[in-house]
Every structure is written in C-alpha cells, then in structure tokens.
Amino acid sequence: MRTAAIVPAAGRGERLGPGTPKALRTIGGAPLLVHAVRALARARAVDLIVVAAPSDDVLAVERLLADFEWGAEVRVLPGGEDRRESVARALAALPAEVDVVLVHDAARPLAPPELVDAVAAAVRERADACVPVVPLADTVKEVAGGTVVRTLDRQQLRAVQTPQGFRRFLLAKAHAWAAEAGEQELATITDDAGLVEKLGGCVVAIPGAEEAFKVTRPLDLVVAEALLAKQRADGAR
Ligand code: CTP
Ligand code: MG
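This report concerns the structure included in the present document. (Residues numbered from 1 in each chain as written. Chains lettered and ligands numbered in written order. Predicted model: local features only at pLDDT ≥ 70, side-chain atom pairs only at ≥ 80, totals over all residues. Heavy atoms only, no water.)

**Notes on the pattern of salt bridges**
All told, the structure shown has ten salt bridges when counted by the stated rule. Linking Glu85 and Arg89 is a salt bridge whose minimum nitrogen-to-oxygen distance equals 3.3 Å. Of this pair, Glu85 and Arg89 are both found in helix α3 (residues 83–92), four residues apart, which corresponds to roughly one turn of the helix. Given the relative accessible area of 29%, Glu85 is considered partly exposed. Judged by its relative accessible area of 37%, Arg89 is partly exposed. One network of salt bridges, with partners in common, ties together Arg2, Glu73, Arg75 and Glu97. (Salt bridge = Lys/Arg side-chain N within 4 Å of Asp/Glu carboxyl O. Helix = DSSP H or I, 4+ residues; strand = E, 2+ residues; numbered from the N terminus. Buried < 20%, exposed > 50% of the residue type's maximum accessible area, 1.4 Å probe, protein only.)

Listed below in structure tokens is the structure:
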C-alpha cells in the first residue's frame, strides 16, 4: 500500500496579476511548484507525487521537475478547467496500490514536511479524511449589499489549509459524486474535504502551520520570499 500526493498546479493565478501561471512564479530562485513538491518529497509518508500542470506547460513542467533528485516518484499530467477537475484527473491516474491520497496546492510552497506527515498519519490511524486548520486572525462578518448582516463567532471558525489527506476510495467516491452534481450543489464547495463532508465522511482537523499559507495575492509572494530567505539564513533549508 502506498501514499500518493496530488499537486493541483494548473491555475492561472488571476489574483496574483498578469504573468506566468502561479505555480511557475518564483521565490528564492525556484518556482512555487518546485518548493511544494520538495515539501512533499521530504515527508516520510509520500511515495508518489502527481502534478496537475497547466495544460500548455506540461512538457515544461516535466523538464523542470526532472532536474531534481526527489527521492519519490514524480509524474506530471495536464490539469483541468478548475481545481476540482485538476484533482480528479490526477486521482484517475493513480496506480491501484495507492490507498491514501494527499492533495496539496502548488500555491502553498512552504508547508513543512512534518505537517505532510501529520496529515498522512491521521488518515492512516484514525480518519476518513484530515485537514490542517488555523485560527482566524480577523473578525468575520456576513455582508450583503454593502451592509453587515451579522458577526460570526470567530472562536468556532478555522481557516483550512492543505495538504488534506483522504482514504483513496472515499476521495474517488466524492469526486465521482461531484462529476454528476449540479453547479448549485457545488457552488460553496471549494476544497476536497468539502466533497467528502457532503458524503458524510468523518473529517478530522489537526493543527495547521503558519508556513502553509497560500500564495494568492501579490503581498503573499513578498511574504513567501521573505520567509524562505529567513529559513535559509537560519539554516532551516
Ligand atoms: N488549480 C488547478 N487547476 C485549476 C485551477 C487551480 O490545479 N484549473 C490549483 C492552483 O494551481 C493552485 C490551487 O489549485 O495550486 C489553489 O487554487 P488557487 O489558489 O485559487 O490558484 P489559482 O486558481 O491559480 O488562482 P486564482 O484563483 O487567483 O486564479
Ligand atoms: Mg483559483
């Protein structure tokens, strides 16, 4: 039995602004995707990494990743129109012996390998699925038409990161459900765990890591660059 990690990396990165697809934007001289794959490859649990690349850049990504000695098998395939489709394509390409699947955004380049292992261990030991979560820093309000409707109880809310981990059969079942579901049903589901929740799966939450934040807007790229420089100066990389 093996653990595979799927890396959705096919997004354009609209919120980052015009330029190269987000996964290929660089920090510390290497693309976000290379950092994300490194985090997974350094985890003890991961045997196979499958990258869903932007469909125009599959060959370029294959060449890029072939330049490194990963210590885990790495495969590349074309991603889809949205994140869910990218994950579904990679999932469909996994070998039969894989029984635990992690899904990790290329846009989270600095997730600690220890977090990857903690998620995989939680699935192996005690759960259908596992998500890393962090408390919210800001107060959260529901707003409609520019007016506040209500304030949510921040104590009960968490921001969810990746890697998320799953029993393979359950994630496959969840994606099969999604492939048949209507747009309305899928509208509020923005992660893989959300699909599993829809099927009634037990999703455990474990403490996430600040470093696993997602590069979404230009400021995030500045933060990632600075964090990586600090880790290198501290000898942590
Ligand atoms: N992703 C993907 N396939 C898509 C869309 C997104 O594999 N068709 C991936 C992204 O590459 C990213 C992850 O899903 O690693 C998280 O998505 P997000 O942060 O939204 O990235 P983008 O969709 O690229 O960014 P934006 O929404 O700003 O365009
Ligand atoms: Mg997106």
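More follows now that the structure is in view.
**Considerations on the packing of aromatic side chains**
Following the criterion strictly, the structure yields one aromatic pair and no others. Measuring from ring centre to ring centre gives 4.9 Å for Phe68 and Trp70, while their planes differ by 35°; the resulting arrangement is tilted. A residue is classified by how much of its surface remains accessible, and Trp70, at 12% relative accessible area, is buried. (Phe/Tyr/Trp six-rings, centres within 6.5 Å; stacked < 30°, edge-to-face > 60°.)

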